[in-house]
Each structure stands twice: as structure tokens, then as C-alpha cells.
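Single-letter residue listing:
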Amino acid sequence: MSQTAFGANSRRLLKLMAGASVVALAVPGTAFAQDQGEAVESSDDDVIVITGIRSSLESALNEKRDADSLVEVIQAEDIGKLPDQNLAEVLENVTGVQITRRAGVGSGVQIRGTNENRVEINGVGTVGSGTGRGGISFEDINAAIIASVEVTKAPTAATTEGSVGGTVNLRTIRPLDLRDRVLSLRAQGEYSELSDSISPRYSASFGDNWDVGAGRIGLVLAASYAEQEATSFRPRVDRDTLIEATDGGVTAAGAPGPNYDYLGIQFLNQELENFEYETINFSGTLEFAPTDDLNFFFDMIYNDQERRQDSTRIQASGVSALRFNNVPDSFETVNFGSLGGVNLGSIEAALTGTIQPNLARDDDDPNLRFSSDTGARVTTTQVYRLGTEWKTGNLTVRVEGSVTESDTVNPNLSTTLNFINPNPLTPLDGTSNDNAVPFIYDLRNGALTFGVDFASPFAPTVADLLDPANTVLDAITASRNETENREDAFRVDLSYDTFDSLGFITSVDAGYRYTRASTRFDQIRSTFGTGAIANSPSGTLFSQLLVPGPSNFDAADGRALAFRNFLIVNPDLAFDDPDGTLDILQAALATTNGSIGDPVSDPAAFFEITEKTHALYGQLNFEFGRVRGNVGARWLDTSINSLGNNVAAGVVTPVTAGGSYTQFLPRVNVIADLTDDLVFRASFGEDINRPDFDDLSLSVNFPTGPNNAVNIGNPNLAPETVRSYDASLSWYFAPAAVFSVGVFHKERTNLFVTQEEAAALDANGFRDITPPCEGGGIFNPLPDRNVLSNVPGNGLCVPIQTIVNDPGTTKQSGIEVAFQYDLSGFEDTLGFASGFGVIANYTYQEFSGGTLTNTSDADSRGTEILESSSGLTGPFTAVQGLLDFSPHAYNVTLFYEKYGLSARARYTWRDEFRTLDTAGGASLGSTIGFPVVTEARGQLNASINYDVTDFLNIGVEGVNLTKSKITQSCINSGALLCFQGLPDRRLTFGASLSF
């Protein structure tokens, strides 16, 4: 962690927390904490402070029952204490919600099988750190400053558009709802097992309100500081190279290979992800009510996060060049199953073996390289809301303005070193900047293990691997990209009470909302890459930067085979002093024919997009007998303007594009209290999902890898439209208890689908190295050609990836079941056992339809592989459908609360799902052309807390207690094992004080 950044952020934290403490101490008479399990209510029955698991569940259930649409609510068990440390993990408690994780930390949320959801704070839209639409990242906000989480699955006409699965609203405490002053302090430490480190967490909250003569004023302040280190091991093995029986393959010793086709090793990649987070959050709310009918409010959310990455990728490259000379020792049969109604058959695949050099076949392969990805995401996010609510007679008027902005800088200094094997049996060829290294692999028992074959006569020694003289500089990326996002909004909401005049029409609502959203991206970068020894300085010229890389790749599963001995550029130096580190590398390059300049803005990658939306809505709220609800519609008028640059022959020419669309969105919600305990809900609604800003970009951002696809924006993308139907029946059979069953159906048109065009390979496995890439793809001038050309140098044709609208309709249907119950009503009978309770939910969903397909041609080797396995003629295609979509998911929570002891254990399981989120930079071009399948996985989290006194609570929480692994397969579930993720187990311990 950067000491400069730590010092600056710590000073800001101290100022924020000191401010909260001064306000708290300036007013005497601090209120005592409530007894365990109590809910404190104001005179108008608003829930104020919730303490304890059972009370928080009961409060959330009551809010859900009284809501005017289908919502799910999670209340904090106490001030600053939601059920989990991470907000994504909190949301995983909600029926129909699954999450994805980065290095074991919850980062993405899918509601009813989709990532396209809206995230708000106190009803205000948020913006993210990138150029997408997902809103603020759940990693960026400490759960300690959030009082409750609301998920709206069925919107009303007043609900802001822009979600497919639902709207997540993160709510803070409202100060005028407080009856007593609250003051809470919390200190914790989080232990990360794989990184073997302890990171601190601190939070403080204060809230109170006062009569000031001219009315009542209230203030709530919350601040938090958190560090976190998360590590994950992610081995990747590409087995997408076909060796046919007629190819004449032989073993390393020269024995003939098998008389059948099989899949050999194409690439080995050992990736260690390590993220270090430092996050400051502050929230403040000021309310002033001169009268009971007039209220002014101001909210502020401030977030400052530095997410540092110092990851390593150790790669066995050039392996496929020896594919005919290294027949595996053993094979496994891979059944690809069916895609698009076509049986793809089965094929043998390499399981164990070695990859030995053969200088007669290739004089410098297979080779070994050490990559260090050192960078960060430094994001400052601010949310401001100012408004008033006024009631006069039957009319209520609410006026509100808000500003949300996010400024992100991505400093990065990543390097790749090639290892020069000093073994005299593997001499340099005089031109290439790498030479041959032998490898061994063992892919049995569902584990992707590999490393240097030290038993080979071609092998280096451990001392050789750690000697700077045996490394050369192969590539550098130095960058400082900048992203600016902003959303300005103004809204007026009117509600007129008509119950006395219109009978069952209880009120009429109407409103207007104006939004201006914008994003600006500037790529500031310089790169160096080479395959020539003449351009590659020896590691001895920058040895002061080199340190041994992490050697604990076996810490997650005890594997015997791994790359444990290698050198990398010191990630601490690269992060803390990027300029000084780059200066040393530039000085080393100056002794060769290579060079790299300082990072500069790339006009070809720059883009700026502005979107303006006017929205009007009208809604009738009704109630007659036991039936209530609302019916209304929302009308949108959106315009978009895009700015980019066209660069030709060094001349930069601005290019612009624009468009507009209107949308009419009807919405209906009906609630029927069939009995005092039985509630039926039904809803119908339409919504839209706008494309990510970067998917509309007019500019091109070239990656530095030869196999990475270039993403091409599509300014003609239309918004996705969603039509949703919901129905549910809930039985509230006891206090804080419910059994509910719900069904939902969605029809989605203009679905966003990823398409990839491969760059063609010739008969020798080489790519075109000159534009305009007639065989497919796009010319990228940056990457070293490596084994993809017999002409050394930089620049070659690479795949193209773009997003298009599916002209068909995708249908999605599902069932949600939830159960919640505790034994507190049987205290006289059960005694201590009456403290037990259970929460469980299950979701089943399926989808159909869609017309756009993925194709085996996206992987230049994919079609020939599937032709061999199936005996059919390709290419092979399958409808992409919905990504990150699990058919089945459930979670079960067992909790106990009694005698000051509060404990819970939650097991979460989600079924397999297709995804484009893969390890080590893989794309459709290395997964046989189709999204990979993340296999079904469960995870156990648990916590236990104890009230030492009325004021002091101590506790410990565990995440991923069973160290559950992540497994990804190519083509279909259980088919070809491609990737693994071995995430961390983390323990958090600490104490909190409440006054």
C-alpha cells in the first residue's frame, strides 16, 4: 500500500470521524442502547432503531407486507451492522439474488438472472467507476454506513427506469425519525488466509434531533475506514489445439502417438490475483422541519477508494509449437454434450505429460515468461441530494435535485520478463528474446496443475530461475487512464389525496424527472513490446527492481505442481514510485534498440458521451375493501450525443454521432389481503435497459496481447425493452414469519449479445501481419507476434468483439420460494432452544428464445476440434441467450439469538451459468468460440456476536469457511476443464460500542 496515499486518506478519515465525535460530545445525555431484540418506534409508528436479528427480520417483513409493489428489504441488526461486511454478500440474502466475486470478494449482483440492475442511494441514481451502467460498485461502500437495503422487483410508475431484474436502493438513517440519540463505534480486523495478513476496519455513527424553536432539526453522520486484502489463485489451461491421428505425432522420446485425434496443450497460465482495498466512506443527512407539513433535507455520500492490484501471471508460451513432438502420457475422454440441438460428441484430451524442447522442430519453444500486473483503481465518488417535501391540504409536493459524480484514475505499470534458460542444451537462436524450457502438467482430479519439469535434462535450476542475469525485459505497459462519470437529476413529485372525493381512488400521483448523464474516457498510455533479443535489456540492468514472486500457489489446495521460483518487477516500487521505476526501465532500454516514452493521451481511444432524459409519469392509487394497488405509466424522451476521434496518417479528426428515442412504460400493481395472514400480489410493468456507454463508443482501444480481442463500439445500439409479469402468495403465519411462493415472467427484446470475429490462421498456424485483415479481425499494431508469425516484430491481425441487438425475443420465467420462522414463541417450552430460527429461499428460472448465436469460428481452432469430436461439418453455433444466469439457486440461514448471544450460519448455492468472465485474459478466441460454464458452487459464511454489556459487543465473522473452489468448463458443464479459481477464506473479528 502506498504510504503517501495511506497518510492522506488517514488524515481525511480522522477529520471526518473527529467531526462526528465533536458533534456527539457537544450534546449531553447520550441515550443507552436498547435491549437485545427490541425495536424502538417513534410516536407515529416509524421504525427507528432496530437491534437484533429477530427484530430486524420482523421490521423488514412488515415493510415488505405494507409496500405498494413487490419489494424485498434487509434491515441492519443494529446501527452500522447489516448481516454481512460486503454489500453484495448482504444482497445474497434476498430471494432471487445471486452474486459473483472477485478474488473471493462480492462484486457483482444478479437479480433474477441478470446483471442489468439499477443502484441507488436514498433514491438517487449512482454512477460507477468505469464506463458501464451498473452504478456504484458494491465494493466501494462499507456496509457499516448503510441502515437498510431495498430491492424493488416490480416497479411503480414513479420508479426510475433502467433495470431488468430490479432496483437496489441503499438507505441511510433519517434523523427526524430518531426518538433517541444514537452513537456507535466499531473496530475490527480482517484476516486473509491466502495473503496471511490482517487489515483494520473502523466505523462510527451519530444521530440525533432537536427542537430549535423554529421547528425541529436532525442530523445523522456516519464514517468508516476499511482496509482489505483479497487473494485468489486462478490456473488456466488451454486445450484447444487439435492433433489428428494423421499428423504423425510422437512422444518426446520418438515413440509413435495414438491412432486417434486428441486435444493437446495450447497454453499454460498460472495467475495469482491480489487486491488491496483502502476505502473511506462518509455519509451525512441534515433534516429541518419548520412544521409538521414542511420538511427540508440534504444528503451527502462521499467515497474514496484505492483498489490496488499486484497480480502475477506465469506463462508457458509457445507450447503448441511442439504439439507434434510431445504426445501426452495419459488422456481423458471429454464429452462435449450438445449445443444448439447438435450432439458434439466426445474426444480424447491431454491429461498428464511433459512438454520437452525439440530444437529440430523449434529452436526457442516452449518458453517461460513472468508477468506482473501492478495497477490500481483510485475512485472518488460523491452523491448529493437536496430537496423539500410540503403538504398543503390534500396536496403533497416533493421537489428534489441531486448530483452524482465519480472520478477514477487507473495508474498502471505492468511488465513482462522472458526467462533465458542458461542450460547449454537450449541455446539462444541469436534473434529471439526467449529460449526453450521443459514443462510438466497433471490435470487429474479436477485440478489444473503444472510447472517446470526439473527432471528434464533441459531444465534450469532454481538458482537459474532467480538470477536476474537470466531474464530480459519483453514488455511494458505504463498508463494512467482517466474516467469521469456524472449524473445530474431534478424531479418534482405530486400526490393529491382523493379518498374523500373519488371513493376507491385514494390518491393521484404525477411527476417529472430530468436527467443528464455523461461519461468521459481518456486513455493515457505508453507501451513497449518486442520479440527480439536486440531490443530486450538484461535483468542485470534493472536488478534493483527485481524480487522473487509469490511462492505460495499451493496454499489454497496443497498442489504439488506449480511455478514457485520466478522474478518480477517489485510491485511495491511499481505502485509507490511508478515514475522512478519507469525511469530505470527506460535507462535499461536505452542500452538496446528498444524504447518506451512517458504515458501520453491516445486520441484514438478517447470518447465522451452525453445522455439527456425527460420523464413524465402519472399514477392512480386505489383501495377498496381488502384490495389495494396502483396503475400508471411512465413516458421517456432520451437523446444521446457521442464524441470520438478518427486518427488517420497521424491526423486527428473529431467524429460525432447522435440519436434519440421515446418509450411508453405502463405499470400496474395489485395487492389483495385475502385474510389477515394471507396476501396476494400481482404486477405488470415495462422497463428499458440502456446500453453501457463504452458499448456506444466511436473510438478504439487496442490491447497489448496478441490473443486479446479489440472491442469495437456500436453507436447504433438500441435500448433493451423488458416486459415483466409477477404474482405471489405470502402467508404470514406468525410474528416475523412467512412462507411465500411467487412466479415471474419476462419478455426481453433487443437483448445485448456479444459477437466475436476471429483472425484467421493459415496452414502453418500463422496470422496475417498486414492490414486490412481480409481473413477476419482487425490489425492491432501493438502486440509482439510471438508464435503467431514466422516474421519477428510487432503488429498482427487480432479478433474483433462487439455488442449487437438480438432481433428476437428472449423469454424468462421463474419461481421463487421463501420461508422465515423462529422459535421465540415457545420460550416456556423450549427454553434456550427458543432462540433458534431459520431463513431459506429457493429460485428456479429458465429462458428461451433469442436468435443471435456464438460460433466455433470465433476460436480459429474451434471448428476443426468440434468437427473431429462430432464427425459433422462445422461451423457450429448456439444461441448465446442470457449470461450469468443460473437455473437453480438457494440459500439457507440458521440463526440463534438469546442470552446476549447472536449467531448465524448461511450456506449459499447457485447452479452452473454461462459467462464471459474468465481467468487470465481468455476470450471466445481461446474457449472454442463459446462462453465458458462456471460450475455449480456453494459457500458457507457464518458469524457469532456476544453482548458483553449493554454497550459492548464482540464478534467474529467468517467468509468462505470451507474454501469452496470455482471451476469453469468449456462448451458445456462437466465437459473440458478450462479454468479454476481458488479464492480466499477470510475471518473478521472485532468489537462495537453503542451508547
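Residues numbered from 1 in each chain as written. Predicted model: local features only at pLDDT ≥ 70, side-chain atom pairs only at ≥ 80, totals over all residues. Heavy atoms only, no water.

The chain carries the name TonB-dependent receptor in an unreviewed UniProt entry, which gives Pontixanthobacter aquaemixtae as its organism. Under the Subcellular location (unreviewed entry) heading, UniProt states for the chain: "Cell outer membrane". Under the UniProt heading Sequence similarities (unreviewed entry), the note attached to the chain is "Belongs to the TonB-dependent receptor family." (UniProt positions renumbered as here; feature names shortened; annotations may be inferred.)

Draft legend 1. Helix H7 (residues 578–589), seen in detail. Between its first and last C-alpha atoms H7 spans 16 Å; for 12 residues at 1.5 Å apiece the expected length is 16 Å, and the two agree. All of the buried residues along H7 are Gly580, Thr581, Leu582, Leu585, Ala588 and Leu589. Among the structural elements, strand E22 (395–419), strand E25 (471–497), strand E27 (524–529), strand E29 (567–569) and helix H6 (571–576) are those in contact with the buried residues of H7. (Helix = DSSP H or I, 4+ residues; strand = E, 2+ residues; numbered from the N terminus. Expected span 1.5 Å × (residues − 1). Buried < 20%, exposed > 50% of the residue type's maximum accessible area, 1.4 Å probe, protein only. Contact = heavy atoms within 4.5 Å.)

Draft legend 2. Geometry of the pattern of salt bridges. What the rule picks out here adds up to 58 salt bridges. Two residues, Glu273 and Arg234, come together in a salt bridge whose shortest N-O distance is 3.6 Å. Residue Glu273 is located in strand E15 (residues 267–291), and its partner Arg234 is located in strand E12 (residues 216–238); the two are separated by 39 residues in the primary sequence. When sorted by exposure, Glu273 lands in the same class as Arg234, which is buried. The partner of Glu332 in a salt bridge is Arg239, with the nearest N and O atoms 2.8 Å apart. Linking Glu332 in strand E17 (residues 330–335) with Arg239 in the loop between E12 and strand E13 (241–243), this pair joins segments that are 93 residues apart in sequence. (Salt bridge = Lys/Arg side-chain N within 4 Å of Asp/Glu carboxyl O.)

Draft legend 3. Representation of the sheet that holds strand E41 (residues 800–805). An order of E35-E41-E38 is seen for the 3 strands of this open sheet, with the pairing classed as mixed. In this open sheet, the two strands that pair with only one neighbour each are strand E35 (710–712) and strand E38 (752–757). Taken over all neighbouring pairs, the strand axes of this sheet differ in orientation by 30° on average, direction set aside. With 6 bridges joining them, E38 and E41 adopt antiparallel strand pairing. Residue pairing in the sheet places Glu756 in a bridge with Gln801 of E41. (Pairing = 2+ DSSP bridges. Axes fitted to C-alpha atoms, helices over the stretch in contact; angles between N-to-C directions.)

Draft legend 4. View of the nonpolar core. Counting 41 residues, the largest nonpolar core has Ile265, Leu368 and Ile476 as the members making the most contacts within it. In terms of residue count, the dominant contributor to this core is H7 (4 residues). Setting aside residues no more than four positions away along its own chain, Ile265 makes contact with Val237, Asp238, Arg239, Thr241, Val319, Ser320, Ala350, Ile355, Tyr441 and Leu443. Listed in part, the 28 residues of the second largest apolar core include Val109, Phe138, Ile141 and Leu170. (Core = buried A, V, L, I, M, F, W, Y, C linked by side-chain atoms within 4.5 Å.)

Draft legend 5. Molecular detail of unusual backbone geometry. Cis geometry is adopted by the peptide bond preceding Pro366, which originates at Asp365 and carries an omega value of -5°. Structurally, Pro366 can be placed in the loop between strand E20 (346–355) and strand E21 (367–392). With an omega dihedral of 5°, the bond running from Gly874 to Pro875 counts as a cis peptide bond. Positionally, Pro875 belongs in the loop between helix H9 (862–870) and strand E45 (877–879). Phi angles above zero are rare outside glycine, and Arg112 is one such case at about 50°. With respect to the helices and strands, the residue Arg112 is situated in the loop between strand E5 (105–111) and strand E6 (118–121). The residue Ile971 is not glycine, and still its phi comes out positive at about 75°. Along the chain, Ile971 falls in the loop between strand E52 (966–970) and strand E53 (976–983).

Draft legend 6. Structural detail: a negative patch on the surface. A cluster of like negative charges, contributed by Asp576, Asp577, Asp579, Asp583 and Asp598, occupies part of the molecular surface. Residue placement: Asp576 occurs in helix H6. Given the relative accessible area of 37%, Asp576 is considered partly exposed. (Patch = residues over 30% accessible without salt bridge, like charges linked within 9 Å, V, L, I, M, F, W, Y side chains within 5 Å. Areas by Shrake-Rupley, 256 points an atom, 1.4 Å probe, with all protein chains shown as cover. Lys, Arg positive; Asp, Glu negative; His and termini not counted. Charge placed at Lys NZ, Arg CZ, Asp CG, Glu CD.)

Draft legend 7. Inspection of the pairing of strand E24 (residues 449–452) at higher detail. For strand E23 (residues 439–442) and E24, the ladder comprises 4 bridges, and the chain directions are antiparallel. Bridging from a neighbouring strand, Asp442 pairs with Thr449 of E24.

Draft legend 8. Main features of the side chain of Glu89. Tracing the chain through its elements places Glu89 in helix H3 (residues 87–91). In this structure the side chain of Glu89 is engaged in a polar contact, spanning 3.2 Å, whose partner is the side chain of Asn941. Apart from the residues lying within four places of it in its own chain, the contact partners of Glu89 are Asp84, Ile99, Arg101, Gly104, Gly106, Arg906, Gln939, Asn941 and Val959. (Polar contact = N/O pair within 3.5 Å; in protein donor to acceptor, adjacent residues only side chain to side chain.)

Draft legend 9. Structural context of the sheet that holds strand E7 (residues 124–125). Read from one edge of the open sheet, 5 strands run E3-E8-E9-E6-E7, paired in mixed fashion. This sheet does not close on itself; its edge strands, each paired only once, are strand E3 (71–75) and E7. In this structure, E6 lies alongside E7, joined through 2 bridges in antiparallel fashion. Following the sheet pairing, Ile121 is matched in E7 by Val124. Packed onto the sheet, helix H2 (residues 53–66) meets E3, strand E8 (148–152) and strand E9 (167–171) and runs at close to 155° relative to E3.

Draft legend 10. A look at empty space enclosed by the protein. All chains considered together, the criterion is met by 13 cavities of 30 Å³ or more. Computed from the structure, the largest cavity encloses a volume of approximately 400 Å³. Lining the largest cavity are 23 residues; nearest its centre among them are Leu57, Val73, Asn93, Gln820 and Ile839. Every element with two or more residues in the lining of the largest cavity is listed here: H2, E3, strand E37 (737–749), strand E42 (809–822) and strand E43 (836–849). Counting residues per element, the lining of the largest cavity draws most heavily on H2, at 5 residues. Volume-wise, the second largest cavity comes out at about 320 Å³. Lining the second largest cavity are 29 residues, and of these Gln85, Asn86, Glu190, Arg201 and Gln228 lie nearest its centre. For the lining of the second largest cavity, the elements supplying multiple residues, two or more each, are H3, E12, E15, strand E47 (901–910), strand E50 (937–947) and strand E51 (952–959). Among the residues making up the lining of the second largest cavity, the classes are represented as 10 nonpolar, 10 polar and 9 charged. (1 Å grid on protein atoms, 1.4 Å probe; cavity = no way out; pocket = protein on both sides within 12 Å on 5 of 7 lines; lining within 4 Å. Points joined across faces, edges and corners; volume = space filled by probe spheres on them. Nonpolar A, V, L, I, M, F, W, Y, C, P; charged D, E, K, R; others polar.)

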